[in-house]
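# Structure at a glance
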Amino acid sequence: MLELKDVYLEHGGRVILDHVNLALADGENLCVVGAAGSGKTSVLLALQGLLPIKGGFLTLDGERYSRLSAPYFRRWMAFVPDAPQLPYEKVSDLLEELFSLAVNRDVEVSKEAVIREFSLLGLAPDVYNMPLRNLDAETLQGVMLAAEGILKRRILLIDNLRSTRWMDSIAALNSHQVSAVITTCDEQVAANFDKIIRL
């Protein structure tokens, strides 16, 4: 269970979360919705321990975490960024690098497993060998969700979910007790979530 206890978060001199209390049980989802520049990404950075909170605290399974202990807690998280600039030529290069990280080395991965995840997401198998520069932001999110479908980290963080296209995939992960925290500007996307923080 991920909990925010009286969390007060500021960034750039602006209050983003004002003493928020929230519990997210395993398999539950949270949507942080707001306009561009409202601080949605800052919330995800704080959950990863990469941006300090000014008050209150965060816990995972009742264990309080801070910037010092955050690297341990990040081992349980997967992060899907919003349209990042990545230093890889092809999708396969990105995925091979991701799966070779020390934190992921205990997971058995094959190209076939990735293609199966692509299929579940409605992505064509040839995406695996495509140049990253040819992918739009939504398809890149799908590629990263395919990786999470294999890794099944307990907390899935998605920055700026662009459409409801991936909701079935998120629901499938929920059935494996994965919780998702997503940000979006789109009220139609937010309407799919029971727990919402509006910025």
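Now for a quick tour of the structure. (Residues numbered from 1 in each chain as written. Predicted model: local features only at pLDDT ≥ 70, side-chain atom pairs only at ≥ 80, totals over all residues. Heavy atoms only, no water.)

### Re helix α1 (residues 40–47)
Each turn of an α-helix holds 3.6 residues, which means side chains three or four residues apart point in the same direction. With respect to burial, α1 is a largely interior element, six of its eight residues being buried. Along α1, the residues classified as buried are Lys40, Ser42, Val43, Leu44, Ala46 and Leu47. A positive phi of about 75° marks Gly49, the residue just after α1. (Buried < 20%, exposed > 50% of the residue type's maximum accessible area, 1.4 Å probe, protein only. Helix = DSSP H or I, 4+ residues; strand = E, 2+ residues; numbered from the N terminus.)

### Things to note about the pattern of salt bridges
The final tally for this structure, using the stated rule, is seven salt bridges. Ionic pairing is found between Lys195 and Glu28, a salt bridge with its closest N-O pair at 3.0 Å. Residue Lys195 is found in strand β9 (residues 195–198), and its partner Glu28 is found in the loop between β2 (14–24) and β3 (29–33); the two are separated by 167 residues along the sequence. The partly exposed category is assigned to Glu28, whose relative accessible area is 30%. Between Glu138 and Arg165 there is a salt bridge, with its nearest N and O atoms 3.5 Å apart. (Salt bridge = Lys/Arg side-chain N within 4 Å of Asp/Glu carboxyl O.)

### Remarks on the packing of aromatic side chains
This model, assessed by the stated rule, comprises two aromatic pairs. Taken together through their ring pairs, the aromatic side chains of Tyr65, Tyr72 and Phe73 make up a single cluster. (Phe/Tyr/Trp six-rings, centres within 6.5 Å; stacked < 30°, edge-to-face > 60°.)

### Digging into the pairing of strand β8 (residues 179–184)
Of all the six residues making up β8, six are buried; the element is thus mostly covered by neighbouring parts of the structure. Side-chain alternation along β8 places Ser179, Val181 and Thr183 on one buried face and Ala180, Ile182 and Thr184 on a second face that is also buried. Taken together, the five bridges between β3 and β8 define a ladder with parallel strand orientation. The residue bridging Cys31 from the neighbouring strand is Ile182, located in β8. Note that strand β7 (residues 155–158) and β8 share four bridges and pair parallel. (Pairing = 2+ DSSP bridges.)

### Quick look at the nonpolar core
With 39 residues, the main nonpolar core has Leu95, Phe118 and Leu156 as its most contacted residues. Top contributing element to this core by residue count: helix α5 (residues 137–151), with eight residues. Every residue in contact with Leu95, bar those within four places of it in the chain, is listed here: Val114, Phe118, Tyr128, Val143 and Ala147. In this structure, Leu4, Val43, Leu47 and Tyr65 belong to the second largest nonpolar core, which totals 26 residues. (Core = buried A, V, L, I, M, F, W, Y, C linked by side-chain atoms within 4.5 Å. Contact = heavy atoms within 4.5 Å.)

### What about α5?
With 15 residues, α5 ought to run about 21 Å at 1.5 Å a step, and its terminal C-alpha atoms sit 21 Å apart, in line with that. A large share of α5 lies buried, amounting to 13 of its 15 residues. The backbone nitrogen of Glu138 has a side-chain oxygen 3.3 Å away, supplied by the residue at the start of α5, namely Asp136. Following α5 by one or two positions, Lys152 adopts a phi angle in the positive range, close to 50°. (Expected span 1.5 Å × (residues − 1). Polar contact = N/O pair within 3.5 Å; in protein donor to acceptor, adjacent residues only side chain to side chain.)

### Regarding the layout of surface pockets
To find leftover empty space, a probe the size of one water molecule is rolled over the atoms. There is about 570 Å³ of room inside the largest pocket. As for the largest pocket, its lining consists of 26 residues, and the residues nearest its centre are Met77, Ala78, Phe79, Leu98 and Leu101. Of all elements in the fold, only α2 (70–74), β6 (77–80), α3 (91–100) and α5 reach the threshold of two or more residues within the lining of the largest pocket. The biggest single contributor to the lining of the largest pocket is α5, with five residues. Along the lines of polarity and charge, the residues of the lining of the largest pocket split into 19 nonpolar, two polar and five charged. (1 Å grid on protein atoms, 1.4 Å probe; cavity = no way out; pocket = protein on both sides within 12 Å on 5 of 7 lines; lining within 4 Å. Points joined across faces, edges and corners; volume = space filled by probe spheres on them. Nonpolar A, V, L, I, M, F, W, Y, C, P; charged D, E, K, R; others polar.)

### Here we look at unusual backbone geometry
Residues other than glycine predominantly adopt negative phi, and peptide bonds predominantly adopt the trans conformation. Within the chain, His19 stands out as a residue other than glycine whose phi angle is a positive 55°. What makes His19 partly exposed here is its relative accessible area of 42%. Even without being a glycine, Gln177 presents a positive backbone phi close to 70°. Within the element layout of this structure, Gln177 appears in the loop between α6 (167–174) and β8. Overall, the relative accessible area of 43% leaves Gln177 in the partly exposed class.

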